[in-house]
Amino acid sequence: MIYAGCDLGILSAKVAIVENGDILAFEILPYRSLPRQAAVEAMERALDKAGISAKQVDYCLSTGFGKKAVPYTDDIAPDVMCLHRAVRKLNPRVRTVIDVGGHTFTAFNIDDNGKITESAITDKCAAGTGKFIEVMAKALEMPLEELSEASLSSNNPLRITSQCVILAESDVISYVNDGYDPYDIFAGIALTVADKIAGLIRRVSVNEEVAMVGGVAKNSIVVRDFEGVLGLKLADLVGVDPQIIGAFGAALMAEEERPAS
Amino acid sequence: MVVAGCDIGALTAKAVVMRNGDILGYEIIRSRAKAVQSATNVMDKLLGKLGLSYADIDYCVSTGYGRNIIPFSHDNVSEISCHGKGASWLVPSIRTIIDGGGQDCKAIRVDEKGNVEDFRMNTKCAAGTGRSLELMAEGLGVEVSQLGPLSLEASDPVVLQEPCCIITEIEIRHLVLEGRDSADIAAGISDITARRMLHLARNLGIKKDIAITGGISKNVGIVDCLERALKTKLVQFPEDPQIVGALGAAILAADRAGNLS
């Protein structure tokens, strides 16, 4: 039996195709304004990579911001449940999960029996999300991957003080005009983001091990600074792309709901 | 005598060239990351169009971002003073100017000579600015220039509550997924932007005649909302309202050049 999960986020569509609990293929497709089309295209690409046709998918669940808009899904699954299933499967020692997506923070605790205890979700603060980082990278006119790698060696991070994304962008532009090094500027942005995420994770209990998922978890300098702020090492998710955890979890839940008989 | 004004905004750079008290020409370009680049690009383009060279300019005043580092300018003046001068020169009856720039939103009161009496400006939040409009347009999946015309077609405008444009962008994406009419969403964007601008203007104290300048003035939906709330027509400028700051700089340049000779 083959299962699929689609996590339609605010900035990208993620699809994972799963067989016997293993990922056959996945796809991450950033989009600007057409979420439905992005969900369809991400699925087509993932199917292509897996070398199967849509008909071979036995059951599909969708999750994320646009879960109800995924045209091919069989049903929807709650975001936190999907993250929980996937993280449990990848690393059962995890007790705290934080998901930092394009616009939303989700944090929750898992007890020793694998049950979700506390959870907190906020979409009322954009400082620290993928959107914030994306806007700042654009202001620096440099690719995000390059910035997050090269900024790791900055010794002089420049602090951004504005809470407002647009005014922070304005601070960045002023720094650029004053001739500061873009990697020092980005290192400052990473610190701001890490502080913000650390503030939000404290809405639940910070029990180790802590896993960070979502697109921002791929940003190496933010991860390093976040570990520094909390004084811990983030949990290993056995190399699975942190951005597809939601989609992977949706596919695992699909398998649970319609097990092979 | 040929004078020039150059207004480097966060999003656009504007230049105006005047000869003996008449506008010879103007140019508006998208700003670059560095103010000097923006200033040089816009002035090169304008001079090229007019068949002039830098040597032909007797005096140049710069304003806006990085106004003190523009290599070809002789002096720099705050954008608030320049807006006052420019608006008053075009329409002397103006007493209140609401300026919606790229990253700031200002309300300015001027006397009959265009001198600034008092002003208010956003400091912590970018609601009511061009950049916030751009982000909201991105959420709706339309060009920022389409927002105004679209909002006039609304039959049942949405009411957006949150001043923060990043949070509002997410709310807009939800509305799009729910299938709300784009025109109704565009009208909601006009309404919340106008409310923000009015908040500043009322705090300052509004005297007639009232004008709107900056890129935001090109949004007919916002102008319509402002006129309905203020129960009066806004001043129609004989020139592009986005060049008012650069024009004011050119007028101040003429003043200064006159004093020099």
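Residues numbered from 1 in each chain as written. Chains lettered and ligands numbered in written order. Predicted model: local features only at pLDDT ≥ 70, side-chain atom pairs only at ≥ 80, totals over all residues.

1. Concerning the sheet that holds strand β9 (residues 210–213) of chain B
Residues and elements named next belong to chain B. Ordered in space as β8-β7-β6-β9, the four strands form an open sheet in which the pairing is mixed. If you trace the sheet from one side to the other, it starts and ends with β8 (116–121) and β9, each paired once. Adjacent strand axes in the sheet meet at a mean angle of 20 degrees, parallel and antiparallel pairs treated alike. Judged from the five bridges that link them, strand β6 (residues 96–100) and strand β7 (residues 105–110) form a sheet pairing that is antiparallel. Note on β7: the bridge partner recorded for T96 is R109. Sheet strands touched by helix α2 (residues 79–90): β6, β7, β8 and β9. Its angle to β7, the strand with the most contacts, is close to 60 degrees. (Pairing = 2+ DSSP bridges. Helix = DSSP H or I, 4+ residues; strand = E, 2+ residues; numbered from the N terminus. Axes fitted to C-alpha atoms, helices over the stretch in contact; angles between N-to-C directions. Contact = placed C-beta atoms within 7 Å.)

2. What to know about the packing of helix α3 (residues 130–140) of chain B against helix α6 (residues 182–204) of chain B
Residues and elements named next belong to chain B. Two elements in contact, α3 and α6, have axes whose closest approach is 11 Å; the angle formed by their N-to-C orientations is 165 degrees. On the basis of the axis angle, α3 is roughly antiparallel to α6. Crossing handedness for the pair α3 and α6: right-handed. In this structure, α3 contributes L133, M136 and L140 to the contact, and α6 contributes S182, I185, A186, I189 and T193. Per-class residue counts for the contact of α3 with α6 are six nonpolar, two polar and no charged. (Parallel < 35°, antiparallel > 145°, perpendicular 65-115°, else oblique. Left-handed = near helix turned anticlockwise from the far one by under 90°. Nonpolar A, V, L, I, M, F, W, Y, C, P; charged D, E, K, R; others polar.)

3. So, the nonpolar core
In terms of nonpolar packing, the biggest core is built from 174 residues, with C6, V15, A16, I17 and A251 of chain A together with C6 and A250 of chain B touching the most fellow members. Here this core takes eleven residues from helix α6 (residues 182–201) of chain A, the largest share from any one element. The contacts of V15 of chain A, once residues within four sequence positions are left out, are A4, C6, F26, E27, A42, M43, A46 and A247 of chain A. (Core = buried A, V, L, I, M, F, W, Y, C linked by C-beta atoms within 7 Å. Buried ≥ 20, exposed ≤ 12 C-beta atoms within 10 Å, placed from the backbone.)

4. A few points about the packing of helix α4 (residues 144–151) of chain B against helix α7 (residues 220–230) of chain B
For any two helices packed against each other, the geometry is given by the interaxial angle and the distance between the axes. Residues and elements named next belong to chain B. Running from N to C, α4 and α7 point in directions that differ by 50 degrees, and their axes come no closer than 6 Å. By the angle class used here, α4 and α7 are oblique. On α7, the residues touching L147, G148, P149 and S151 of α4 are V220, G221 and I222. A breakdown of the residues in the contact of α4 with α7 according to their chemical character gives four nonpolar, three polar and no charged.

5. Considering the domain arrangement of chain A
All names here are of chain A. Under the domain assignment, chain A is made up of domain 1 (1–91 + 244–261) and domain 2 (93–235). On a C-alpha basis, the centroid separation for the pair domain 1 and domain 2 is 25 Å. The partner domain 2 presents 20 residues to the twelve residues of domain 1 that form the contact. When residues of the side of domain 1 that touches domain 2 are assigned to their parent elements, the largest contribution, six residues, is made by helix α2 (residues 79–90). Among the residues forming the side of domain 1 that touches domain 2, the class breakdown is six nonpolar, four polar and two charged. (Domains from an automatic or database assignment.)

6. Thoughts on unusual backbone geometry
Residues and elements named next belong to chain A. Going from E208 to E209, the amide bond is cis rather than trans, its omega being 0 degrees. Locating E209 in the fold gives a position in the loop between α6 and β9 (210–213). The backbone of V238 sits at a positive phi, close to 40 degrees, despite the residue not being glycine. If you trace the backbone, V238 turns up in the loop between α7 (220–230) and α8 (245–257). Take V238: there are 8 C-beta atoms within 10 Å of it, and that puts it in the exposed class.

7. Some words on the interface of chain B and chain A
If you look at the interface, chain B gives 21 residues, while chain A gives 21 residues. The set of elements that each furnish at least two residues to the side of chain B that touches chain A consists of α3 and α5 (165–177) of chain B. Among the elements that make up the side of chain B that touches chain A, the one with the highest residue count is α5 of chain B (six residues). A per-class count over the side of chain B that touches chain A returns eleven nonpolar, five polar and five charged.

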